[in-house]
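Examining the three-dimensional arrangement
One-letter residues, chain by chain:
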Amino acid sequence: MNTSTAIAANAIESSALLGVVADPVRWRLLTHLADGRTRCVCDLRPVAAVAANLLSYHLKVLREAGLVSARRRGRWIDYAIADSAADRLAAALPTFPGRP
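Heads up: these notes are all about the structure in this document. (Residues numbered from 1 in each chain as written. Predicted model: local features only at pLDDT ≥ 70, side-chain atom pairs only at ≥ 80, totals over all residues. Heavy atoms only, no water.)

1. A short note on the pairing of strand S2 (residues 68–73)
So the rule is basically this: Here the rule is simple: two strands pair whenever DSSP picks up at least two bridges between them. In DSSP terms, a helix is any run of H or I states spanning at least four residues, a strand is any run of E spanning at least two, and both are numbered starting from the N terminus.
Two strands pair when backbone bridges link them, and S2 and strand S3 (residues 76–81) are joined in this way by six bridges, in the antiparallel orientation. The residue of S3 that forms the bridge with Ser-69 is Ala-80. Between S2 and S3, which follow one another and run antiparallel, lie two residues, and Gly-74 among them has a positive phi close to 65°.

This is the structure in structure tokens:
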């Protein structure tokens, strides 16, 4: 893979990841989970402020993007921010010469 192909692939991956978090519901969920605590889906309902089926959809999108992890506990599912989420989101942002 040449450099321009790698840059293009990275741009596609980065824009897809940023597109996932561009949704206000998903952004609220990530912000709520950013403290590192695990939360039951029942605790995320008021944060999302959407119907249960839409909450499930948004959590699925975040899981598929690798930004949150899920663990089943009986009939409930607990969610947590993925260990790599902050680094992946920071890496998806463009860098500008002369700026950290």
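2. Regarding the packing of helix H3 (residues 41–48) against helix H4 (residues 52–64)
We apply this condition: For helices, the axis comes from a line fit to the C-alpha atoms of the stretch in contact; other axes are also lines fit to C-alpha atoms, and the angle between any two N-to-C directions lies between 0 and 180 degrees. Angle categories are assigned with fixed cut-offs, so that under 35 degrees is roughly parallel, over 145 is roughly antiparallel, 65 to 115 is roughly perpendicular, and the rest are oblique. Note on contacts: a residue pair qualifies if any of its non-hydrogen atoms lie within 4.5 Å across the two residues. Here the term charged refers only to Asp, Glu, Lys and Arg, the term nonpolar to Ala, Val, Leu, Ile, Met, Phe, Trp, Tyr, Cys and Pro, and the term polar to all other amino acids, Gly among them.
Viewed as axis vectors pointing N to C, H3 and H4 meet at an angle of 100°, and their least axial separation amounts to 10 Å. Relative to H4, the element H3 is oriented roughly perpendicular. Residue-level inspection shows Val-41, Leu-44, Arg-45 and Ala-48 of H3 in contact with H4, the latter providing Ala-52, Leu-55 and Leu-59. Looking at the contact of H3 with H4 residue by residue, the class counts come to six nonpolar, no polar and one charged.

3. As for the pattern of salt bridges
Side-chain pairs of opposite charge can arise whenever the charged atoms involved come near each other. Formally: Salt bridges are counted wherever a side-chain nitrogen of Lys or Arg sits within 4 Å of a carboxyl oxygen of Asp or Glu. For every residue, the accessible area (1.4 Å probe, protein chains only) is compared with the maximum for its type, and the residue is labelled buried under 20%, exposed over 50%, or partly exposed between those bounds.
Summed over all chains, the structure comprises five salt bridges. Linking Glu-64 and Lys-60 is a salt bridge whose minimum nitrogen-to-oxygen distance equals 3.7 Å. Of this pair, Glu-64 and Lys-60 are both found in helix H4, four residues apart, which corresponds to roughly one turn of the helix. Using a relative accessible area of 37% as the deciding quantity, one classes Lys-60 as partly exposed. Arg-73 is the salt-bridge partner of Asp-78, the closest N and O atoms lying 2.8 Å from each other. Given a relative accessible area of 40%, Arg-73 falls into the partly exposed group. If you follow the salt bridges from partner to partner, you end up with Asp-35, Arg-37 and Arg-39 in one network.

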